[in-house]
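Fold and geometry: a report
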Amino acid sequence: MEEIFFFVLFYTLYIGIISTLIKIIMKISHIEHLGIAVKSIEEALPYYENVLGLKCYNIETVEDQKVKTAFLKVGETKIELLEPTCPESTIAKFIENKGAGVHHVAFAIEDGVANALSAAEAAGIRLIDKAPRKGAEGLHIAFLHPKSTLGVLTELCEKKD
Ligand code: ZN
């Protein structure tokens, strides 16, 4: 009898733990894009288009982030070139401190950025954005702080149509 009791107890705990884990793990489908800080999109594009053979299909300014963005496709993933539009831009500060180069990694979230943010918060990850906001290409986005993500500024993205 005692054995059955412990079996049921452990089984219940096991299911409880598994279902909790399933709830708090993010559902990432692929790398949506890599954000790369450049001083000038105009000066950077010849390398991406003429040497790497990629094609820029969209250039867009995101006013509230003080950046001009250029997008190039690499299979399902994109390269997002980021050029500061003013010296106060976080991209301008990034280039000043670290030089041009990889700025962030953006993951496509299958079940919504809001859910992913809850999962991150539950795991004790520091959030830059407490709620999803609008990014380039009509995506809903949110950033996780690099101090909590092993030095990689991490963006979570969701397509909203
Ligand atoms: Zn991005």
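Residues numbered from 1 in each chain as written. Predicted model: local features only at pLDDT ≥ 70, side-chain atom pairs only at ≥ 80, totals over all residues.

1. Details of the overall build of the protein
Just so we agree on the cut-off: The numbering of helices and of strands both runs from the N terminus, where a helix is a DSSP run of H or I of at least 4 residues and a strand a run of E of at least 2. C-alpha atoms define the radius of gyration in this analysis, and the globule rule sets the expected value at 2.2 Å times the number of residues to the power 0.38. Exposure is read from a count of other C-beta atoms within 10 Å of each residue's own; the residue is exposed at 12 or fewer, buried at 20 or more and partly exposed in between. C-beta atoms are placed from the backbone. C-beta atoms are placed from the backbone for every residue, and two residues are taken to be in contact when these atoms lie within 7 Å.
Across its full length, the protein holds 4 helices and 8 strands. In the protein, the order of α-helices and β-strands from amino to carboxyl end is α-β-α-β-β-β-α-β-α-β-β-β. Computed over the C-alpha atoms, the radius of gyration of the protein is 20 Å, more than 25% above the 15 Å expected from 2.2 N^0.38 for a compact globule of 161 residues. Principal axes of the C-alpha set define a box for the protein whose edges measure 75 × 30 × 30 Å. Going through the 161 residues of the protein one by one, you find that 24% of them count as buried. When contacts within the protein are restricted to residue pairs at least 6 apart in sequence, long-range pairs at least 24 apart make up 54% of them.

2. Describing the nonpolar core
Rules: The term nonpolar core means buried Ala, Val, Leu, Ile, Met, Phe, Trp, Tyr and Cys residues held together as one set by C-beta atoms within 7 Å.
Ranked by internal contacts, the top residues of the largest apolar core, which has 14 residues, are I109, V113, A116, I141, L156 and C157. If you list the elements that add at least two residues to this core, you get β5 (101-109), α4 (113-122), β7 (139-144) and β8 (154-159). In this structure V113 touches P132, H140, I141, A142, L156, C157 and E158, once residues within four positions along its chain are discounted. Formed by 10 residues, the second largest nonpolar core is a distinct cluster that contains A37, Y48, L82 and I91.

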